[in-house]
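Observations on the model geometry
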Amino acid sequence: MDNETTVLLIDEDPAGIDSIRSALGEQAKSFRLRRVADVPTALARIWGGGVDLVLMNLPSVGGCADDLLAPFVELQEKAQGVPVVVLCGSAGEDLAQAAVRAGAANYLIREAFHVDLLRVLRSAGGRAAPAAPPRAHSRKGGKIIAFMGSKGGVGNTTAALNGAAALVQERKTAGRRVLLVEFHSELGSLPLYFHPHRSVRDIGDLLHAEGCAEPITLADLESCLWPVKAVPGLQVLFGSRSQEHSDPITAVNATSILTLAAQIADYVIVDLPPSLSETCRAVLESSDCLALVVERDPISVQAAKLILRRVDSWKAANLTIGAVILNRAGLVSPMSFAEIDAELRIPTLGVIPPAADLCAAAQHAHTPLVTFDADSLATIAMRNLGSEIEELVPLARPSERAEDGPLAAYHIGQKMIRAGVR
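As a starting point, this report considers the structure included with it. (Residues numbered from 1 in each chain as written. Predicted model: local features only at pLDDT ≥ 70, side-chain atom pairs only at ≥ 80, totals over all residues. Heavy atoms only, no water.)

What follows concerns the overall build of the chain. When you go through the chain residue by residue, the secondary structure sums to 17 helices and 13 strands. Residues counted as buried form 51% of the 422 residues belonging to the chain. Counting only contacts in the chain whose residues sit at least 6 apart along the sequence, the fraction spanning at least 24 positions is 77%. A total accessible area of about 19000 Å² is found for the chain, and carbon and sulfur atoms account for 52% of it. (Helix = DSSP H or I, 4+ residues; strand = E, 2+ residues; numbered from the N terminus. Buried < 20%, exposed > 50% of the residue type's maximum accessible area, 1.4 Å probe, protein only. Contact = heavy atoms within 4.5 Å. Areas by Shrake-Rupley, 256 points an atom, 1.4 Å probe, with all protein chains shown as cover.)

So, in structure tokens, the structure goes:
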């Protein structure tokens, strides 16, 4: 094993990693040692990539053997081939042996760390290579919807914000939880829109905490979420507001955040900048749907085509892609919808009519448009967009009325909306 070997320790006690370093002595330089407190956080770290071996501390008391082994069994089933070595005290060797029978690569007795630790780590590390991290949507949890503008200034954040609010309002009595994540490492616009208190943490704080200490945990993520009072059930993870904490969002960061977010929300709406970076790729490979926001002008549509070609080359399995045509202002000679359909060759998820004054008034009120003016054409179109997303990416089973295709029912109303914005 070389200097790139990452060993992840699962132990509630922060001092547990010190005993590992002490037992390895000078050989600790051959390993990158990290600690997390629980299995869900460990899985998020594993799915983010880069973990070569897991050390898991088994409990010594707390119930029958099956109950004590339950966290290990969950880890073993979802660790995607990463070897797991369990740790126990001398009195818990029977439980450790049961873990080996259930698939653990080996076990270690704490009292004999100084004798066996290095040998077992080297042996277990060579038994299996970690598999590629699974896509977030393949696991149990919420659905991830990525919004990306074809270029800057097309209104992507407006569409993402109101689409998220519409998803919450779709069934108010169901207790639905929606997270809006602004994946902007510098100068996020949502903090300017909502004006949260300066003490509210953002994605920069989240990444800064990960870089300085332990990997991101559910508790870390939830401590950075800001509730939108006008839309109960909607919470926002703001883009960075501080140059001091404007660390780049890496692909591993993105995957880790989305994995955790999908564990606590029904829908995770991601506001992505127009980019073809590896971070963007990681987000889309973790997503269930891409809503590509375009304007009715040739430059915006051609930029969208370039994005679609790159996404197609990534071959992100099971990613549904649709267009959101946002009319931010009345163009002198806008492209027709038929021309846009012919160029992009993807379904249209929504057509949003011009509403510059209403959007400005909603921003001044620090509230999403869909809650500011319930009867405007733009609000109706945003709500239809939420309904369309829910139909394409359902939380449970698909709608029973989808016998004419997932877009059929919506297209009837869509023609009426289009007639008003031509």
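Another aspect to go through is helix α1 (residues 16-24). Among the residues making up α1, those that are buried are Gly16, Ile17, Ile20 and Leu24. Considered in projection along α1, the buried side chains sweep an arc of 100 degrees and stay on one side of the axis. Two residues or fewer past α1, Gly25 is found with a positive phi of approximately 60 degrees. (Arc of directions from axis to C-beta.)

Turning to the layout of surface pockets, a few remarks are in order. Empty space among the atoms can be located by rolling a probe the size of a water molecule over them. The space that makes up the largest pocket amounts to roughly 400 Å³. Forming the walls of the largest pocket are 23 residues, and the residues nearest its centre are Thr158, Tyr193, Arg328, Cys359 and Gln363. At the level of secondary structure, the elements contributing two or more residues to the lining of the largest pocket comprise α6 (156-169), α7 (190-194), α14 (356-364) and α16 (377-392). Residue classes in the lining of the largest pocket are distributed as 15 nonpolar, seven polar and one charged. (1 Å grid on protein atoms, 1.4 Å probe; cavity = no way out; pocket = protein on both sides within 12 Å on 5 of 7 lines; lining within 4 Å. Points joined across faces, edges and corners; volume = space filled by probe spheres on them. Nonpolar A, V, L, I, M, F, W, Y, C, P; charged D, E, K, R; others polar.)

We now examine the sheet that holds strand β12 (residues 320-326). Read from one edge to the other, the open sheet built from eight strands follows the order β8-β9-β7-β10-β6-β11-β12-β13, with strand pairing classed as mixed. Looking at which strands have only one partner, the edges of the open sheet turn out to be β8 (226-227) and β13 (348-352). Two strands pair when backbone bridges link them, and strand β7 (residues 178-182) and strand β9 (residues 234-237) are joined in this way by four bridges, in the parallel orientation. Bridged to Val178 within β9 is Leu234. (Pairing = 2+ DSSP bridges.)

Our focus in this paragraph is the environment of Leu308. Position of Leu308 among the secondary structure elements: in helix α12 (residues 298-314). We classify Leu308 as buried; its relative accessible area is 13%. Along the sequence, Leu308 and Ser150 sit 158 residues apart, while their C-alpha atoms lie 9.5 Å from each other. Excluding anything up to four places from it in sequence, Leu308 contacts Leu292, Ile321, Leu344 and Ile346.

For the rest of this paragraph, the subject is the packing of helix α10 (residues 251-264) against helix α11 (residues 278-285). For the pair α10 and α11, the least separation of the axes is 8 Å and the interaxial angle reads 25 degrees. Comparing the axis directions of α10 and α11 gives the class roughly parallel. With respect to the hand of their crossing, α10 and α11 are arranged in right-handed fashion. Every residue of α11 that contacts α10 at Ala251, Ala254, Thr255 and Leu258 is listed here: Glu278, Thr279, Ala282 and Val283. Per-class residue counts for the contact of α10 with α11 are five nonpolar, two polar and one charged. (Axes fitted to C-alpha atoms, helices over the stretch in contact; angles between N-to-C directions. Parallel < 35°, antiparallel > 145°, perpendicular 65-115°, else oblique. Left-handed = near helix turned anticlockwise from the far one by under 90°.)

What follows deals with the environment of Leu272. Mapped onto the fold, Leu272 is located in strand β10 (residues 267-272). Judged by relative accessible area, Leu272 falls into the buried class, the value being 3%. When the C-alpha positions of Leu272 and Gly149 are compared, they lie 7.6 Å apart, and in sequence the two are 123 residues distant. Residues within four places of Leu272 in sequence aside, it is in contact with Ala146, Phe147, Met148, Gly149, Asn156, Phe183, His184, Cys280, Val283 and Leu284.

Before going further, it helps to spend a moment on the pattern of salt bridges. On inspection of all chains with the given rule, the structure shows six salt bridges. Residue Glu390 pairs with Arg176 through a salt bridge whose shortest N-O separation is 2.6 Å. Note that Glu390 is positioned in helix α16 and Arg176 in the loop between α6 and β7, a separation of 214 residues in sequence. The exposure classification of Glu390 matches that of Arg176, with both residues buried. Close ionic contact of Arg177 with Glu222 constitutes a salt bridge, the shortest N to O distance being 2.9 Å. You can see Arg177 sitting in the loop between α6 and β7 and its partner Glu222 sitting in helix α9 (residues 218-223), a full 45 residues away along the chain. (Salt bridge = Lys/Arg side-chain N within 4 Å of Asp/Glu carboxyl O.)

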